[in-house]
Amino acid sequence: MNNAFPIPVRAPRRALPKSVTLAHGGGGSAMRDLIDEVFIDTFKSTTGAPEDQARFDLAALMAQGDRLAFTTDGFVVDPLFFPGGDIGKLAVCGTINDLAVGAARPVALSCAVIIEEGLPLATLRSVARSMAETAHAAGVPIVTGDTKVVARGACDKLFITTTGIGVVRTGIEVGIGRARPGDVILVNGQLGDHGAAILNARGDLALETAIESDCAALHGLIDALVAAAPGVRTMRDATRGGVAAVLNELAAASGVGVRIRELDTPIRSDVLGFCEILGLDPLYLANEGKIVAVVPPDQAAAALQALRDHPLGRGAAAIGRVTDTRPGRVVMETRLGGDRIVDMLVGDQLPRIC
Amino acid sequence: MCLGIPGRIVAIVDEDAMLASVDVSGVRRTVDIVCVAEPGRDLGELIGAWVLVHVGFAMSVIDEEEAAATLKVLTEIGEAEGEIEAMRTGSVEPFHPSTAPRAQ
Amino acid sequence: MRYVDEFRDPILARGLIREIETLSARMERGRDRPFSIMEVCGGHTHAIFRYGLEGLLPDIIEFVHGPGCPVCVLPMGRVDDCVAIAEQPEVIFATFGDAMRVPGSRKSLLTAKAEGADIRMVYSPLDALALARRNPEREVVFFGLGFETTMPSTALTVLRAARESIENFSIFCNHITIIPTLRALLEMPDLGIDGFIGPGHVSMVIGTEPYRFIAEEFGKPMVVAGFEPIDLLQSLLMVLRQLDEGRAAIENQYARVVPDAGNPRAMGAVEQVYELRPTFEWRGLGSIEHSGVRLRDAYARFDAERRFSTPEVQVADPAACRCGEVLTGQLKPWACPMFGTSCTPETPLGALMVSSEGSCAAYYQYGGMRQPHLEGAA
């Protein structure tokens, strides 16, 4: 069953209990109360009749570009709250970024939540509030959604799926297969913060750090980048698998080699320390506010400057180039000048002592 | 085998249990200092010392003089080659538009 | 990072590489095979690949990646025992991340975890002990793994548990010792190793004295080395100088961390808690006398082997595996017929594909720039 926000606010309501129960997923009034109070009121989406879908004026969309972009992403994270963000912020930013890296201007999001029974209502409220604030700040409304409650153990506290639509700018063509030898590879800041913050927030490793997730909505930054470098070949947010995964996809899809330089790869000193202690490689750590952008050489300087002029790109750097040697391979020139292959990982990176 | 990393003892966490807080580049961890504590000496003397940490245990106090001696030998090798000064004054070419800011 | 960044300095590296080039070019004259230098320790193997050192050195120098990766040499039967303990309903099984993917004959710890076993990855044995304190109704078993570097940490944790009378904590001890293994290696009839780069962190515990037989009985040079690239290059140069001068001695490049006497307090804890096993099996190398330790009777209550029943079945390495030859430098990883085909990091058959420190996995993942199989690969 699909309960679209917007639903008009009804009164009076019963006070909600302290935690979510299966009744809240039953389709009855308990569910409506939960949705109204936790989501509709928080998202303040809109007014109008309780419909099962959000509706858009096509003419208005078509004025912004010539193609529709459509994407979806599921968010599961343990813990739900971590330094620098929470699952709600992640779910909003993640989908906005997936639209933005396709050179699309995000228009609207949907949000489907799966709640494990027993989740404290305060937790749910605080996640919803975080989603609302993030969406508001980004200027991208959450216009429809769905709520399900499952039995204890059937999911881990809270799963969120967001779907987004956006309009792709006319005349901008980006694609992972479009990189050409000579192109310059840019990132918009220090790498690995999110992965390190999450690993640390789980607490099993008993390390104290000030590392925060870099979770951020990047459509504004990408606007600036695309304006400065309209010939941009491709952009990707470097989430799971980190920059290493994106570069490997790029090399494979474009049939090119990729050469990056360790000394040009920006990483915070505490993330480096964290990685040294645990034997991790920051290139494989997830980011939630970092993109890899490939730009033609003649637009590289303008692109880099545009990134650095944006608050979310102050640490931007050119980390390497696309080459015509060793197609399909990503090679890192190490700080000593040696070469090392940066391969895809088999699975998750695990802390090691050896 | 045996990942180890230098860190600096910044505080004694528990004198009886011989636990100290060690800082590695801004990341802190409570480590066991039994192996580096001199019997009969005040543990507080270890604050500020650099130790080699392996799986939560300080295993060796890093000898500053030995480290400096090693580096001195290396610098002499470079000087004998007449290279170090040339390189320090920047014949290493930047890669592309500029080098990345890397926090230290 | 102090004591790290200085030893990763590209300018110092260039000076060292130039020196190595000059010396080896002079030594090369009239020689029909490369200088084979074995780095004993997996951490060194990792650093060689991480910094791409092979590609920076003259072709006449060849690293042979030795047996110093405790995860790689763990026999399958021991992994099966681990899984059997971890699958007991009352057990919380705590382990270093390294061991998670090591295949047993039926499954790895990672698979056992997916199937419901309570397996926790920890950074330190102290964290396993903390789990035992927090979960008095559960049995916490720590997977004790590693060479002499790691042995003191588990020994000291056992002593802590004894002092605090923690009853629900035990160690599944798989610690191994490097000296008998080096001896076994040196006794192999056609070992073509010219010199050794010695394990720095093992040495900060045991000191440099135990290696003396390598120089005195077998006439091979060894230089105990640190783990940064500058350390490795300098140690390599020191080995080459010994070879050039016709000397064989145990030298210490890593004096900032390794006192020649080692760490007596750490060794004391090891002596107190552990005793040598008559023999211990190594994956790829077979059984080696006195190469493993177990808990002494006085600490039997902390010995998971005595507290839990395990299958204790020996599982032979797959017949096609040639890890032993790779470990001893007789076969290059990529020359093994299974390399990259039936044996990959996803589905490792042999010991050396298991951990990123295993020479096969390191080649597969980081790509030795001299490996023929990668050239022109798409």
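Residues numbered from 1 in each chain as written. Chains lettered and ligands numbered in written order. Predicted model: local features only at pLDDT ≥ 70, side-chain atom pairs only at ≥ 80, totals over all residues. Heavy atoms only, no water.

K.L.:
Break down the domain arrangement of chain A for me, citing the residues and quoting the values.
P.N.:
Residue and element names in this part refer to chain A. Domain assignment breaks chain A into domain 1 (22–168) and domain 2 (184–341). Each partner contributes to the interface: domain 1 provides 20 residues, whereas domain 2 provides 20 residues. Both faces combined, the contact of domain 1 with domain 2 buries some 1,600 Å², and carbon together with sulfur accounts for 65% of it. The largest contributions to the domain 1 side of the interface with domain 2 come from Pro-83, Asn-97 and Val-101, which together make up 32% of the buried area. Scanning the region where domain 1 abuts domain 2 turns up one salt bridge. Measuring nitrogen to oxygen at the nearest pair gives 3.9 Å for the salt bridge that ties Arg-105 to Asp-223. Linking domain 1 with domain 2 are six residue pairs in polar contact (both at pLDDT 80 or more), by the criterion used here. Only helix H3 (87–100) and strand S4 (104–116) provide two or more residues apiece to the side of domain 1 that touches domain 2. Per-element tally for the side of domain 1 that touches domain 2: the top contributor is H3, with eight residues. Across the side of domain 1 that touches domain 2, the residue classes break down as 13 nonpolar, three polar and four charged. (Domains from an automatic or database assignment. Contact = heavy atoms within 4.5 Å. Buried area = accessible area lost by both parts, 1.4 Å probe. Salt bridge = Lys/Arg side-chain N within 4 Å of Asp/Glu carboxyl O. Polar contact = N/O pair within 3.5 Å; in protein donor to acceptor, adjacent residues only side chain to side chain. Helix = DSSP H or I, 4+ residues; strand = E, 2+ residues; numbered from the N terminus. Nonpolar A, V, L, I, M, F, W, Y, C, P; charged D, E, K, R; others polar.)

K.L.:
Got a sec to walk through the interface of chain B and chain C? Specific residues and values, please.
P.N.:
Contacts between the two partners involve 47 residues from chain B, matched on the other side by 52 residues from chain C. Counting each side, the surface lost to burial between chain B and chain C is near 4,200 Å², with a carbon and sulfur contribution of 64%. There are three salt bridges connecting chain B and chain C. Notably, a salt bridge pairs Arg-2 of chain C with Glu-64 of chain B, separated by 3.2 Å at the nearest N-O pair. Across the contact surface, chain B and chain C share 14 residue pairs in polar contact (both at pLDDT 80 or more). If you list the elements that add at least two residues to the side of chain B that touches chain C, you get strand S1 (5–14), strand S2 (19–24), strand S3 (27–32), strand S4 (50–54), strand S5 (57–61), helix H1 (64–80) and helix H2 (84–88) of chain B. Ranked by residues supplied to the side of chain B that touches chain C, first place goes to H1 of chain B with nine residues. Residues that form the side of chain B that touches chain C fall into these classes: 30 nonpolar, eight polar and nine charged.

K.L.:
Describe the pairing of strand S11 (residues 291–295) of chain A, listing the residues and the values that go with them.
P.N.:
Residue and element names in this part refer to chain A. Burial runs high along S11: five of the five residues are buried. Taking every second residue as pointing to the same face, both faces of S11 are buried, with Ile-291, Ala-293 and Val-295 on one and Val-292 and Val-294 on the other. Of the pairings in the sheet, the one linking strand S7 (residues 184–187) to S11 comprises four bridges and is antiparallel in character. Note on S11: the bridge partner recorded for Val-184 is Val-295. The sheet contact formed by strand S9 (residues 234–237) and S11 spans four bridges and is antiparallel. Each residue of the ladder has a partner; that of Met-235, found in S11, is Ala-293. (Buried < 20%, exposed > 50% of the residue type's maximum accessible area, 1.4 Å probe, protein only. Pairing = 2+ DSSP bridges.)

K.L.:
Kindly report on helix H4 (residues 76–86) of chain C, identifying the contributing residues and their values.
P.N.:
Taken across its 11 residues, H4 of chain C has 11 buried, putting it largely inside the fold. By the burial criterion, the buried members of H4 of chain C are Met-76, Gly-77, Arg-78, Val-79, Asp-80, Asp-81, Cys-82, Val-83, Ala-84, Ile-85 and Ala-86 of chain C.

K.L.:
How would you sum up the sheet that holds strand S6 (residues 158–168) of chain A? Please name residues and give values.
P.N.:
Residue and element names in this part refer to chain A. A sheet is described by the order of its strands in space; here four strands give the open sequence S1-S6-S4-S5, paired in mixed fashion. If you trace the sheet from one side to the other, it starts and ends with strand S1 (67–75) and strand S5 (142–150), each paired once. The mean angle between the axes of side-by-side strands here comes to 15 degrees, regardless of whether they run parallel or antiparallel. In terms of strand pairing, S1 meets S6 through nine bridges, oriented antiparallel. Bridging across to S6, Phe-70 finds its partner in Ile-165. Here helix H1 (residues 29–43) sits on the sheet and contacts S4 and S5; the angle it forms with S5, its principal contact strand, is near 150 degrees. (Axes fitted to C-alpha atoms, helices over the stretch in contact; angles between N-to-C directions.)

K.L.:
I'd love a proper account of the pattern of salt bridges, names of residues and values included.
P.N.:
One pass over the structure, following the stated rule, counts 52 salt bridges over all chains. Among the salt bridges present, the one from Lys-157 of chain A reaches Asp-78 of chain A, with a minimum N-O distance of 3.8 Å. Pair noted here: Lys-157 of chain A is in the loop between S5 and S6 and Asp-78 of chain A is in the loop between S1 and strand S2 (81–82), with a separation of 79 residues, a long-range link. Judged by relative accessible area, which is 27%, Lys-157 of chain A ranks as partly exposed. Under the relative-accessibility criterion, Asp-78 of chain A is labelled partly exposed at 34%. Lys-157 of chain A is paired through a salt bridge with Asp-156 of chain A; the nearest N and O atoms lie 2.9 Å apart. Residue class for Asp-156 of chain A comes out partly exposed when judged on its relative accessible area of 36%. Through salt bridges with shared partners, one network takes in Glu-276 of chain A together with Arg-8, Arg-50 and Glu-228 of chain C.

K.L.:
Any chance you could break down the interface of chain B and chain A for me, citing the residues and the numbers?
P.N.:
If you look at the interface, chain B gives 23 residues, while chain A gives 38 residues. Buried surface at the junction of chain B and chain A, both sides included, amounts to about 2,500 Å², of which 59% is carbon and sulfur. Our count for the chain B to chain A interface comes out at zero salt bridges. Applying the counting criterion to the chain B and chain A interface returns four residue pairs in polar contact (both at pLDDT 80 or more).

K.L.:
Just give me the short version of the sheet that holds strand S2 (residues 61–68) of chain C, but keep the residues and values in it.
P.N.:
All names here are of chain C. Pairing within the open sheet is parallel, and its five strands lie in the order S2-S1-S7-S8-S9. With partners counted over all chains shown, the strands left at the sheet margins are S2 and strand S9 (250–252), one partner each. Strand-to-strand twist of the sheet, defined as the mean angle between neighbouring strand axes without regard to direction, takes the value 25 degrees. With four bridges joining them, strand S7 (residues 195–199) and strand S8 (residues 222–225) adopt parallel strand pairing. Looking across to S8, one finds that Gly-198 is bridged to Val-224.

K.L.:
Please provide a residue-by-residue account of the packing of aromatic side chains, values included.
P.N.:
Residue and element names in this part refer to chain C. Enumeration according to the criterion identifies 11 aromatic pairs over all chains in this entry. Judged by centre distance (6.2 Å) and plane angle (70 degrees), the ring pair of Phe-227 and Tyr-254 falls under edge-to-face. Taken as a pair, Phe-227 in the loop between S8 and helix H11 (229–245) and Tyr-254 in the loop between S9 and helix H12 (264–273) lie far apart in primary sequence, 27 residues in all. For the pair Phe-227 and Tyr-254, a shared accessibility class is recorded, and that class is buried. Put simply, the rings of Phe-49, Trp-334 and Tyr-363 pair up and form one aromatic cluster. (Phe/Tyr/Trp six-rings, centres within 6.5 Å; stacked < 30°, edge-to-face > 60°.)

K.L.:
Any chance you could break down helix H6 (residues 125–134) of chain C for me, citing the residues and the numbers?
P.N.:
All names here are of chain C. Most of H6 sits out of view: eight of its 10 residues are buried. Among all positions in H6, only Pro-125, Leu-126, Asp-127, Ala-128, Leu-129, Ala-130, Leu-131 and Ala-132 are buried. Sitting at the head of H6, Ser-124 places a side-chain oxygen 3.0 Å from the backbone nitrogen of Leu-126.

K.L.:
Just give me the short version of the side chain of Arg-160 of chain C, but keep the residues and values in it.
P.N.:
Residue placement: Arg-160 of chain C occurs in helix H7 (residues 151–163). Excluding residues within four positions of it along the chain, Arg-160 of chain C makes contact with Ala-17, Met-18, Leu-19, Asp-32 and Val-34 of chain B together with Leu-126 and Leu-129 of chain C.

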